[in-house]
Amino acid sequence: MLLLISPDGVQEALECAKAAEHLDIVDVKKPDEGSLGANFPWVIRDIRDAVPADKPVSATVGDVPYKPGTVAQAALGAVVSGATYIKVGLYGCTTPGQGIEVMRAVVRAVKDHRPDALVVASGYADAHRIGCVNPLSLPDIAARSGADAAMLDTAIKDGTRLFDHMPPDACAEFVRLAHAAGLLAALAGSVQRTDLASLTRIGTDIVGVRGAVCEGGDRNAGRIRPHLVAAFRAEMDQHAREHAADTTAVG
């Protein structure tokens, strides 16, 4: 399982760089503009320069509307600015067809510029609260649009968490559908260390966190600290070892 950490700017990215051995992907977002709020192109560039060259940078392009042209331009801006993973939050898409249309435009814009970039179709475990596409439709949207990964987050950051809206068994079905379509499966949404056993068991490929590695667990007021990143990764690795041992024993 890969660990994706989301700094909100260059200073926090420098803190991530201090903990580079403990994380896999540095994710650029702007939390005050939403769950998948897009940051500025120059911030993406500066963060790309601030973290080790072997650590891929991910960038969100926002909780986007159903405007394929607008979103495609935003996605191109993110990849031109140095991001390897391009994440699109399908906030304004109410049907799978709309999601596919947006994501096909993004995939074309991104892959025409950088074929090895990874495009992530992102939805929301609490989709029922905002009226967007059903979260279990994301793997199909991603596959039919040519994206590389399907991701779930939470749209409304009010203290509720991923598993409050989709219990582990429902998330396991999301992961199963993603893997069946040949996609990576990423899960986020106020994930805590107590969730890691379930995330490991269901085969999550990428776990995304911010609050769990911030002072006080506060994604807005707290700041990312290297020792919290290290502690989170240590627990991830422990669960991975335990799961591997259990699987071997059952086999």
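Structure's up top.
Report on the accompanying structure. What you see is a predicted model, and the numbers here were worked out from it, not measured in a lab. (Residues numbered from 1 in each chain as written. Predicted model: local features only at pLDDT ≥ 70, side-chain atom pairs only at ≥ 80, totals over all residues. Heavy atoms only, no water.)

Description of empty space enclosed by the protein
Picture a little ball the size of a water molecule; that probe, rolled over the atoms, points out where space is still empty. Within the structure shown, the criterion is met by 1 cavity of 30 Å³ or more. As for the largest cavity, its lining consists of L4, S58, Y85, K87, V120, A149, M151, L184, A186 and I206. Elements with a contribution of two residues or more to the lining of the largest cavity: β4 (85-89), β6 (149-153) and β7 (184-187). Within the lining of the largest cavity, the residues separate by chemical class into 8 nonpolar, 1 polar and 1 charged. (1 Å grid on protein atoms, 1.4 Å probe; cavity = no way out; pocket = protein on both sides within 12 Å on 5 of 7 lines; lining within 4 Å. Points joined across faces, edges and corners; volume = space filled by probe spheres on them. Helix = DSSP H or I, 4+ residues; strand = E, 2+ residues; numbered from the N terminus. Nonpolar A, V, L, I, M, F, W, Y, C, P; charged D, E, K, R; others polar.)

Some remarks on the sheet that holds strand β5 (residues 118-124)
The strands making up a sheet are joined through hydrogen bonds of the backbone, oriented either antiparallel or parallel. The strand order around the closed barrel formed by 8 strands is β1-β2-β3-β4-β5-β6-β7-β8, and the pairing between neighbours is parallel. Put simply, the sheet's adjacent strands are angled 25° from each other on average, direction ignored. In this structure, β4 lies alongside β5, joined through 5 bridges in parallel fashion. Along β5, the bridge assignment pairs Y85 with L118. Packed on one face of the sheet, helix α2 (residues 41-50) meets β2 (25-28) and β3 (57-63) and runs near 160° to β2. Docked against the sheet, helix α3 (residues 68-80) engages β3 and β4, running at close to 160° with respect to β3. (Pairing = 2+ DSSP bridges. Axes fitted to C-alpha atoms, helices over the stretch in contact; angles between N-to-C directions. Contact = heavy atoms within 4.5 Å.)

Considerations on the pattern of salt bridges
Working definition: two side chains of opposite charge can pair if their charged atoms are close together. If you walk through the whole model with that rule in mind, you get 22 salt bridges. When the shortest N-O distance is used, the salt bridge between D8 and R210 registers 3.6 Å. Highlighted residues: D8 in the loop between β1 (2-5) and α1 (10-18) and R210 in the loop between β8 (206-209) and α9 (226-250), separated in sequence by 202 residues. Given the relative accessible area of 24%, D8 is considered partly exposed. K87 serves as the salt-bridge partner of D27, at 3.1 Å between the closest nitrogen and oxygen. With D27 in strand β2 and K87 in strand β4, this pair connects stretches of sequence that are 60 residues apart. Classification of D27 as buried rests on a relative accessible area of 0%. Residue K87 is classed as buried on the basis of its relative accessible area, which comes to 2%. Through salt bridges with shared partners, one network takes in D8, E12, R210 and R223. (Salt bridge = Lys/Arg side-chain N within 4 Å of Asp/Glu carboxyl O. Buried < 20%, exposed > 50% of the residue type's maximum accessible area, 1.4 Å probe, protein only.)

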